[in-house]
Amino acid sequence: MIPTLQRLLCAGQALMYGDSRGRRGCALNPRVIMALLIIGGTLVYHWMGTTEYQNEFTGRTQTLALATPQEEIALGLQSAPEMIREMGGLSRDSAGRALVEKVGERLLASTAARQTPYQFKFHLLSDARTVNAFALPGGQIFITEALFRRFKSEDQLAGVLGHEMGHVVGRHSNEQMANSRLWSGLAQGLGVLLSDGSNNTGAHIANMVAQYKVMKFSREDELESDALGVRFMIQAGYNPEALVGVMEILAEASGGSSGSDFMSSHPSPDNRIEKIREVIARERGGR
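Student: Hey, could you go over helix H10 (residues 269-284) for me, with residue numbers and the actual values?
Tutor: With 16 residues, H10 ought to run about 22 Å at 1.5 Å a step, and its terminal C-alpha atoms sit 22 Å apart, in line with that. All of the buried residues along H10 are Pro-269, Arg-272, Ile-273, Ile-276, Val-279 and Ile-280. Taken down its axis, H10 places every buried residue within 130° of arc, on the same side.

Written out as structure tokens, the structure reads:
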């Protein structure tokens, strides 16, 4: 080990354990060595095992776990059958399925999303209890009957499908995989470093910090997908104000509880409505 680093670590150990006598040398605590190995390994793996990507839809530079869209497509296609089974299968409402596909295809045909390699497919699920919509990496998009039945217009359906398309082209699942892997590894290493061997308080604190960081990324992804959804709706000729109505539906479905965004993976509907209106004004103003 580099001598200067070893001296610093030894000094840190002396302070940590209340050793005021000083030492001419020291043997590093095995727990400290293990923690440094975990943290160092995590950082090296994150650096060597991820890809930087300049996203043309968002303008952001992202750190991705999967290097190519083809890998995302393969992961999504592999996961889709299991997700369909978990949500009760595809809807038996042929007219509803056709409408979901029609609106999805209209959004796709009218936006730059059609120029991507992603294999978009829009599914209506039979789940009549869970108010939800989601996208898998690579373009597989799902909406439950429970949410679909609450819509008052085709524009609201377009708002949800456009939002989910935003997750796909924003490569959010891919980015979250890289972030989750990084922060989980760092939390594990810090938990070992902060533990005194008699309790897991340090590990709990480290895990809370990691969870907060991952949730923060999730909330930012939701707002980014809202903005992309607004853009796609306008380009396809839908009324973007309908997305505000979707947020009101989600608030009603959640019992009207707004709560704090601090430990939530989604921003509250009220916060999203405010941001959506800002994006509508910006998109319509051409800025």
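Student: Let's hear about the pattern of salt bridges: which residues, and what values?
Tutor: Throughout the structure, instances matching the rule amount to 11 salt bridges. Of the charged contacts in the structure, one is a salt bridge between Arg-272 and Asp-226, with a shortest N-O distance of 2.9 Å. Within this pair, whereas Arg-272 is found in helix H10, its partner Asp-226 is found in helix H8 (residues 201-236), the two being separated by 46 residues in sequence. Asp-226 carries the same exposure label as Arg-272, and that label is buried. In this structure, Arg-231 engages Glu-283 in a salt bridge whose closest nitrogen and oxygen atoms are separated by 3.5 Å. Highlighted residues: Arg-231 in helix H8 and Glu-283 in helix H10, separated in sequence by 52 residues. One network of salt bridges, with partners in common, ties together Arg-60, Glu-175 and Glu-224.

Student: Explain the packing of aromatic side chains to me, using residue names and the numbers behind them.
Tutor: Evaluation of the coordinates by the stated rule reveals 5 aromatic pairs. Ring plane angle 10° and centroid distance 6.4 Å describe the contact between Phe-120 and Phe-122, whose orientation is recorded as stacked. Just as Phe-120 is buried, Phe-122 falls in that class too. Pairing Phe-134 with Phe-142 gives two aromatic rings, centres 5.0 Å apart and planes at 20°, and the pair type is stacked. What makes Phe-142 buried here is its relative accessible area of 0%. Pairwise contacts between aromatic rings join Tyr-118, Phe-120 and Phe-122 into one cluster. Its end group placed over the ring of Tyr-238, Arg-106 keeps NZ or CZ at 3.9 Å from the ring centre. Across the ring face of Tyr-53, the terminal group of Arg-171 is positioned such that the distance to the ring centre comes to 4.5 Å.

Student: Give me the lowdown on a nonpolar patch on the surface, citing residues and values where you can.
Tutor: Residues Val-44, Trp-47 and Met-48 make up a contiguous nonpolar surface patch of roughly 410 Å² in combined accessible area. Mapped onto the fold, Val-44 is located in helix H2 (residues 30-48). A residue is classified by how much of its surface remains accessible, and Val-44, at 43% relative accessible area, is partly exposed.

The rules behind these values
- Residues numbered from 1 in each chain as written.
- Predicted model: local features only at pLDDT ≥ 70, side-chain atom pairs only at ≥ 80, totals over all residues.
- Heavy atoms only, no water.
- Helix = DSSP H or I, 4+ residues; strand = E, 2+ residues; numbered from the N terminus.
- Expected span 1.5 Å × (residues − 1).
- Buried < 20%, exposed > 50% of the residue type's maximum accessible area, 1.4 Å probe, protein only.
- Arc of directions from axis to C-beta.
- Salt bridge = Lys/Arg side-chain N within 4 Å of Asp/Glu carboxyl O.
- Phe/Tyr/Trp six-rings, centres within 6.5 Å; stacked < 30°, edge-to-face > 60°.
- Lys NZ or Arg CZ within 6 Å of the ring centre and 35° of its normal.
- Patch = residues over 30% accessible without salt bridge, like charges linked within 9 Å, V, L, I, M, F, W, Y side chains within 5 Å.
- Areas by Shrake-Rupley, 256 points an atom, 1.4 Å probe, with all protein chains shown as cover.

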